[in-house]
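Okay, here's what each chain looks like letter by letter:
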Amino acid sequence: MVQSYKKNYKIAESYDTIIIGSGMGSLTAATFLAKQGQKVLILERHYTAGGFTHIFKRKGYEWDVGIHYVGSMEKETSILKKIFDYITEEKLKWADMGEVYDRIVIGDKTYDFVKGVGNWTEKMIGYFPGEEQAIRKYLDLVFDCSKTSRNFFIEKTFSPLMSKLFGWFFRKSYLKYSRKSTYDVLKGLTDNEELIKVLCGQYGDYGLTPKKSSFAMHASLVRHYFSGGFFPVGGSSQIVETIAPVLHRLGSAILISAEVSEVIIEKNTAVGVKMKDGKEFRAKNIISNAGLFTTYNSLLPKETFQQHNLGEHLKQVKHSVAHACLYIGLDGNPDELKLPKANYWIYPDKLSHDECVDNYLKDQEQPFPVVYVSFPAAKDPDWPNRYPGKSTVDIITLVPYETFAEWDGKRWKKRGEDYEALKEKIAQRLLKALYEKEPQLEGKVAYYELSSALTTKHFVNYEKGELYGLDHTSERFEQKFLRPQTAIKNFYLTGQDVATAGVGGAAFAGVLTASVVTGKNMMKEVL
Ligand SMILES: Cc1cc2nc3c(=O)[nH]c(=O)nc-3n(C[C@H](O)[C@H](O)[C@H](O)COP(=O)(O)OP(=O)(O)OC[C@H]3O[C@@H](n4cnc5c(N)ncnc54)[C@H](O)[C@@H]3O)c2cc1C
């Protein structure tokens, strides 16, 4: 169903909409548009589809790159679940991770985040008995902020005139929260720094420490997982696998190894795309899922960039952090190896999250400010059928783009011995962290491979190998240009930079973009 641009692909003669990139935002927008009768062509530069939902295989193992768990999938009434059921025609199934989804480890103490807001609250009060009032007030703020997000994101579908007249009204309640840092909000509730550190124990899910992140992002992430963590049955490749046949049936197509080099703009109207090999495809609408920086800096013609002063937009936002991920293959199935389903978030003792990151950025010999460990083989009930006698682990930490910048421009797998040596050093530190938590895994590692910011750049085309697109600072949420509609006629944006990072955020962005392109409220289709 997914075809390669390099081989004998068969596609229709004309398309209503072309989407650059095949991430979650693209797949969602495409399916909504196709179900409205449009013919959509998705062009993906990577040799596999799905953006960060793609998987890769090596030495008989398979790893998911950008999905370790997704929240809000608990019941049919969840909007995100409805969106996934709609675009996959209920073919994609989600496995529940069980009672504990995240395990926050600070020094020798462990704090479990458990499923269900009531259980979660009880657990937190059990850990911090003197802080009940602060914890309950915190929950009120998280829920209230999440409620205000609805109008904020709906406003992104407004026409420029509607937005000018009424936009402020729809945005104002959310901005009250997004303008505050996570730390400032929490500090207003408690002086207990250990509690603040625990409550921000999932900050790696949006990539910014409490003093730098917007409380709105923190609140939506925390709320997202209150109903537990879920993993796609069969692995994250099942997202594309279940959506591609729907698109195919509706006359739409996904082409991989299809790199777009430029959006063709005539009289300030997007009319098509030029491929890297010079070939052109034309369509009425062009949507970019390639991220704001890549779209502005690499895909729009220079004259368009200047005409709309897009450099000013880019000054208002920042690239999010980069990461390194150690992909591990183990001998033994998840049960034999006693792999947990819950993720570990391992932090140094004593210092705050912000201090840990600052120290590490000054001197990378300092402890990693965060080590995230995920056990995908244990989360996927179908894993033992697909890979009997094997298991996988992913370990992620912060390693900035600058650490690897000197090798940028060198070819993948040909970056030289010093690059490999640096990666090996990081890999050994991460393995040590794993063995400290799960000592039974020592001697079971059959394969490992570390990705860097350059890997992310190479495969997913993010300029600085950024993990989550744009940083989730307070300033980000002020920017009205982060919306589907652009100043160029028939040219639209979708994906994580339009809404927020996360598979859910990107999928919502896809719904928003499809709504703007069709002029109809696509949410009604699922509700
Ligand atoms: C390591 C990691 C772990 C994560 N874990 C989770 C998690 O557990 N849960 C969760 O909900 N979220 C997680 N995320 C975030 C989530 O994966 C992303 O926010 C989301 O998938 C982004 O979707 P998107 O639609 O913005 O597109 P992206 O996935 O960013 O895809 C953009 C696509 O555009 C393509 N492209 C770029 N330039 C061109 C071009 N010129 N021509 C053609 N194609 C082009 C790229 O190759 C890419 O495929 C994680 C992300 C990472 C990196």
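Up top is the structure these notes are about.
Residues numbered from 1 in each chain as written. Predicted model: local features only at pLDDT ≥ 70, side-chain atom pairs only at ≥ 80, totals over all residues. Heavy atoms only, no water.

## Section: the packing of helix H4 (residues 132-154) against helix H5 (residues 160-178)
So the rule is basically this: Note on definitions: angles span 0 to 180 degrees between N-to-C directions of axes, and those axes are lines fitted to C-alpha atoms, for helices only across the stretch in contact. For the purposes of this entry, the term helix denotes a DSSP run of H or I that reaches at least four residues, the term strand denotes a run of E that reaches at least two, and both are numbered from the N terminus. Each crossing is labelled by how the near helix is turned from the far one, with a counterclockwise turn of less than a right angle marking it left-handed and a clockwise turn marking it right-handed. By the convention used here, residues are in contact when the closest approach between their heavy atoms is within 4.5 Å. Residues are sorted three ways: Asp, Glu, Lys and Arg are charged, Ala, Val, Leu, Ile, Met, Phe, Trp, Tyr, Cys and Pro are nonpolar, and all the rest, Gly among them, are polar.
Running from amino to carboxyl end, H4 crosses H5 at an angle of 145°, the nearest separation of the two axes being 7 Å. Considering how the two elements wind past one another, H4 and H5 form a crossing that is left-handed. Here Leu 141, Asp 144, Cys 145, Thr 148, Ser 149, Asn 151, Phe 152 and Phe 153 of H4 come into contact with H5, specifically with Phe 170, Arg 171, Ser 173, Tyr 174, Leu 175 and Tyr 177. Within the contact of H4 with H5, the residues separate by chemical class into eight nonpolar, four polar and two charged.

## Quick look at the pairing of strand E14 (residues 323-331)
Spelled out, the test is: Whether a residue is buried, partly exposed or exposed follows from its accessible area with a 1.4 Å probe, protein chains only, as a fraction of its type maximum: under 20%, in between, or over 50%, in that order. Paired strands are those between which DSSP finds at least two bridges.
A large share of E14 lies buried, amounting to eight of its nine residues. Pairing geometry for E14 and strand E17 (residues 390-398), over nine bridges, is antiparallel. Paired with Gly 329 across the strands is Thr 392, a residue of E17. The pairing of E14 with strand E18 (residues 445-451) spans six bridges and is classified as antiparallel. When the sheet's bridge partners are listed, Leu 330 is paired in E18 with Val 445.

## Some remarks on the site of the ligand
Threshold: Proximity criterion: a residue is near a molecule or strand once any of its heavy atoms comes within 4 Å of it. Two N or O atoms form a polar contact when they lie within 3.5 Å of each other; inside protein one atom must be a possible hydrogen donor and the other a possible acceptor, and for residues adjacent in sequence the pair counts only when both atoms belong to side chains. Note on areas: these come from Shrake-Rupley sampling with a 1.4 Å probe, and a residue is covered only by the protein chains present in the view.
Residues in close proximity to the ligand total 37 residues, the closest being Gly 25, Glu 44, His 68, Tyr 462 and Gln 496. Contact distances for the ligand include 2.9 Å between an oxygen atom and a side-chain N or O atom of Asn 289. For the ligand, the protein covers 98% of the area, taking 1,000 Å² as the surface of the free molecule. Secondary-structure elements contributing two or more residues to the shell around the ligand are helix H1 (24-35), helix H18 (453-460) and helix H19 (503-518). Looking at the shell around the ligand residue by residue, the class counts come to 21 nonpolar, 13 polar and three charged.

## Considerations on the packing of helix H3 (residues 117-127) against H4
Two elements in contact, H3 and H4, have axes whose closest approach is 9 Å; the angle formed by their N-to-C orientations is 150°. Crossing handedness for the pair H3 and H4: right-handed. Judged by residue contacts, Val 117, Trp 120, Thr 121, Met 124 and Ile 125 of H3 engage Glu 132, Ile 135, Arg 136, Tyr 138, Leu 139 and Phe 143 from H4. Looking at the contact of H3 with H4 residue by residue, the classes come out as eight nonpolar, one polar and two charged.

## Structural notes on unusual backbone geometry
Positioned with a positive phi, Ser 257 is a non-glycine residue whose angle comes to about 50°. Take Ser 257: it is sitting in the loop between strand E10 (253-256) and strand E11 (260-266). Positive phi, close to 50°, is recorded for Lys 267, a residue that is not glycine. Relative to the elements of secondary structure, Lys 267 occurs in the loop between E11 and strand E12 (269-275). Assessed through its relative accessible area of 84%, Lys 267 is described here as exposed.

## With respect to the side chain of Asn 343
Along the chain, Asn 343 falls in strand E15 (residues 343-347). When its relative accessible area of 0% is taken as the criterion, Asn 343 is described as buried. For Asn 343, the side chain forms a polar contact with the side chain of Tyr 372, separated by 3.2 Å. Ignoring any residue separated from it by four or fewer positions in sequence, one finds Asn 343 in contact with Tyr 69, Met 97, Tyr 101, Asp 102, Arg 103, Tyr 372, Val 373, Ser 374 and Lys 379.

## A look at the environment of Glu 74
Along the chain, Glu 74 falls in the loop between strand E5 (61-64) and helix H2 (79-88). Take Glu 74: its relative accessible area is 36%, and that puts it in the partly exposed class. Between the C-alpha atom of Glu 74 and that of Ile 42, which follows or precedes it by 32 residues, the distance is 30 Å. Reaching out from Glu 74, the side chain makes a polar contact with the side chain of Ser 227 at a distance of 3.3 Å.

## Some points on the packing of aromatic side chains
Condition: In this scheme Phe, Tyr and Trp rings, the latter by its six-membered ring, pair at centre separations within 6.5 Å, and the angle between planes marks the pair as stacked below 30 degrees, edge-to-face above 60, and tilted otherwise. Cation placement over rings: the criterion is NZ of Lys or CZ of Arg within 6 Å of the ring centroid and within 35° of the ring normal.
Summed over all chains, the structure comprises 38 aromatic pairs. Look at Tyr 111 and Tyr 127: their rings are 5.0 Å apart centre to centre, the planes differ by 80°, and that puts the pair in the edge-to-face class. Linking Tyr 111 in strand E8 (residues 109-114) with Tyr 127 in helix H3, this pair joins segments that are 16 residues apart in sequence. Look at Tyr 203 and Tyr 347: their rings are 6.0 Å apart centre to centre, the planes differ by 25°, and that puts the pair in the stacked class. Of this pair, Tyr 203 sits in the loop between helix H7 (193-199) and helix H8 (215-225) while Tyr 347 sits in strand E15; the two residues are 144 residues apart in sequence, bridging distant segments of the chain. In this pair, the class of Tyr 203 matches that of Tyr 347, namely buried. Following the ring pairs from residue to residue traces out a cluster consisting of Tyr 69, Tyr 101, Phe 113, Trp 120, Tyr 138, Phe 143, Tyr 225 and Phe 226. In this structure, Lys 35 packs its charged tip against the face of Tyr 86, placed 4.6 Å from the ring centre.

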